[in-house]
Amino acid sequence: MSGIWHTFHLRKVCGMADLSITDIRKLLRAASHFRSLKLGKAIHAHLLVSNQVSRNQVIARNFLINLYSKCGDLRNARLMFDKMSKKNIVSWATMMAGYLHHGNALEVIRLFKDMTLVDKLCPNKYVLATVLSSCSHMNLLDEGMQCHGYALKSGLIFHLYVKNALVHMYSYCCDMNLAIQVLNATPNSDLCTFNSLLKGLLHQGELTDAYPMLRKIVVDCNYEEWDTVTCVNILGICSSLKDLKFGGQVHSRVVKAGMDMDLFVGSAAVDMYGKCGEVSSSRKYFDGLHAKNEVTWTAILNALLQNEDFEEALKLFLEMESQNVAPNECTIAVILKACAGIPAIGFGNSMHAHAEKMGMKGYTIIGNALIHMMSRCGQVGDASYLFSSMLHRDVITWNMMLSCYAYHGFGKEALDMFQQMLAAQEHPTSTTFVAVLSACSVLGSVDEGFYYLNTMMREFGIAPGLEHYTCVVGLLCKAGRLDEAESFMRTIPIRWDVVAWRTLLSACHVHRNYGLGKRVADNVMLMDPKDAGTCILMSNIHAKANRWDKVAAVRKWMRGRSIRKEPGLSWAEIGNETHVFISNGKSHVDFVQISEKIKKLIAEIKLLGYRPDFLSELHDIEEEQKEDQLSFHSEKMAIAYALIKTPPGSPIRVMKNLRMCDDCHSAASFISKCTKRTIIVRDVNRFHSFRDGSCSCSDYW
């Protein structure tokens, strides 16, 4: 660049200012290429002084418009353009390209209309491609389709520029069917065509068309020609499809093409293995990468999150920070979700503060993750406050808050929020109606639930699925209409899973319907013979019916098939430490203190009316022994320890890996009353929020 400037300056000094037109064009091309506005203005000044750029000199002015456009000086480019008495197709194309490249797509559309309606010029392939790109940027599908019609009539669609622009426009405007039609309409395609389609398929979620497209790319496009965009998009589609076999084949091709160490490709491969459940492969590939950025780290953290390895995700995040890699908003969201999974309230609150310090307070993705974490940690009030303070909400935000209310037993609040969602003109999704039907189940509102299922979902064009129907089963069960629930399951033409049948079985346990419970249990055992949860539920039903012979038979049946009941575990986060308790375990360092506290609590709540529920202890032993066993269930130990170690009046949060037994549920209600504490227990089914002797689940879980 300095050599060109020196040559121009030297010739001016030596009195050789009368450069030829060819020299001028070469210099203008060079100035445009190197984005040298200073050199370009000097050449323009020279042309003005030497009277070589009049209003009629189209070619010279086109060069100058191109120069100013590429250098970002659109004001001078437009002045040159507007002063031209004559314009050719290149003039219009150059001005349009300048506006497009600097983000003013609307002006491109205006210029195109002036060109065709005022100057009566027909667009060539370059102009049409530019206009189609502008339609993509502005999501102008109708205008893009008009351009498509012109391309068909004029034959310009056979030019690759135009075809690629059309494919990109339809992909960007969410019409993948038309994008694929354009691909198949003409014979020539290149990597750009396929990249646009792949990106469209991935971003629009139209994965039903993904396999034919992937096969076409493999056949029509040699893998040696693939670039990083191709590899990232194909690996992304394999991730969404959870197709490990094809993903592994693609990864092998990536390695052969020598692109496996590319940061973006590496991140996509880590993500693909993680989403396909191959966390070890994902971690191995991650560890082998020479360079890692925040995207790569986020990919491996997300892989651990999706495979529920929450603690490892938090540990790896600390390692990421130790290597001075700054997290982005997606990283923060992943870690907040990991905190929700454990749950780790302290760590989550630290991440919240960290996000605010990094200026991410207004990010919707982080707000959504915080609502999820607060919900899973039992902080309904905090989640509601955060929701109200969010400046930008999307459908995920609404769904999170709806689910939070429904999950915690606030059915009325959930349905009120659904009405607010409709008033805000947010279109509900399938997930929305799962939360709404769950809220109806909490309230036992059968008629309202069927209204949402049969009427409102149809109005919004959402077909009910297994989750919705399972919610209806739960709704009927909550209302005590077990026979209707069974009839509903027999008549709906859908493949029911174990969860749905176990919902009915659990209701049989609560409502003590021994006959139906036995039938349902037999059905579930046929579907999943090694399901320990079903065996335990059936054992509980036999115990409540005082059929100890049947309890023994179930246990013998389990032993014969090596089915083991998972030991009862509860844990509570106190300060920055998580304390784990095992039912009837004595390993905790403060066991003596915990034991004394439990005995004191049992004595106090008995005065309030608590009576041990001996049916919750399934061993056929003396009542005194049963009471001792019940007193040291893991959740009672966790509650007792939290009462010892936390300030008076502060809420207690306990997590449990199994269903909370009837006796512990009753005891927690009485303890909340006598200690004037809010006790929140999250078991495998739901949250139980105990306040002043009552639970948010209304004693149905």
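Right above here is the structure, for reference.
The present account deals with the structure reproduced in this document. Please read all numbers here as calculations on a predicted model, not as lab measurements.

**Here's the deal with the overall build of the protein chain**
Next, step 1: Broken down by element type, the protein chain carries 37 helices and six strands.
Next, step 2: The C-alpha radius of gyration computed for the protein chain amounts to 34 Å, which surpasses the reference 27 Å derived for 701 residues by more than 25%, pointing to a less compact arrangement than a globule.
Next, step 3: Each of the 701 residues in the protein chain was classed as buried or not, and the buried ones make up 50%.
Next, step 4: A fraction of 63% describes how many contacts in the protein chain between residues 6 or more apart in sequence connect residues 24 or more apart.
Next, step 5: Across the protein chain, the centroid of the 77 positively charged side chains sits 5 Å from that of the 69 negatively charged ones.

**Structural notes on the pattern of salt bridges**
Next, step 1: Using the criterion set out here, one finds 15 salt bridges in the structure.
Next, step 2: We note a salt bridge from E312 to R283, for which the minimum N-O separation is 3.3 Å. One end of the pair, E312, is in helix α19 (residues 310-322); the other, R283, is in helix α17 (residues 279-288), with 29 residues separating them in the sequence.
Next, step 3: On the accessibility criterion, E312 (26% relative accessible area) is partly exposed.
Next, step 4: For the salt bridge of K518 with D522, the shortest nitrogen-to-oxygen distance reads 3.9 Å. On the criterion of helical spacing, the pair formed by K518 and D522 is a turn pair, its members being four residues apart in helix α31 (residues 514-527).
Next, step 5: By relative accessible area, which is 34% here, K518 ends up partly exposed.
Next, step 6: Salt bridges sharing common partners tie together R78, D82, E107 and R110.

What counts, and at which threshold
Residues numbered from 1 in each chain as written. Predicted model: local features only at pLDDT ≥ 70, side-chain atom pairs only at ≥ 80, totals over all residues. Heavy atoms only, no water. Helix = DSSP H or I, 4+ residues; strand = E, 2+ residues; numbered from the N terminus. Rg over C-alpha atoms; globule rule 2.2 N^0.38 Å. Buried < 20%, exposed > 50% of the residue type's maximum accessible area, 1.4 Å probe, protein only. Contact = heavy atoms within 4.5 Å. Lys, Arg positive; Asp, Glu negative; His and termini not counted. Charge placed at Lys NZ, Arg CZ, Asp CG, Glu CD. Salt bridge = Lys/Arg side-chain N within 4 Å of Asp/Glu carboxyl O.

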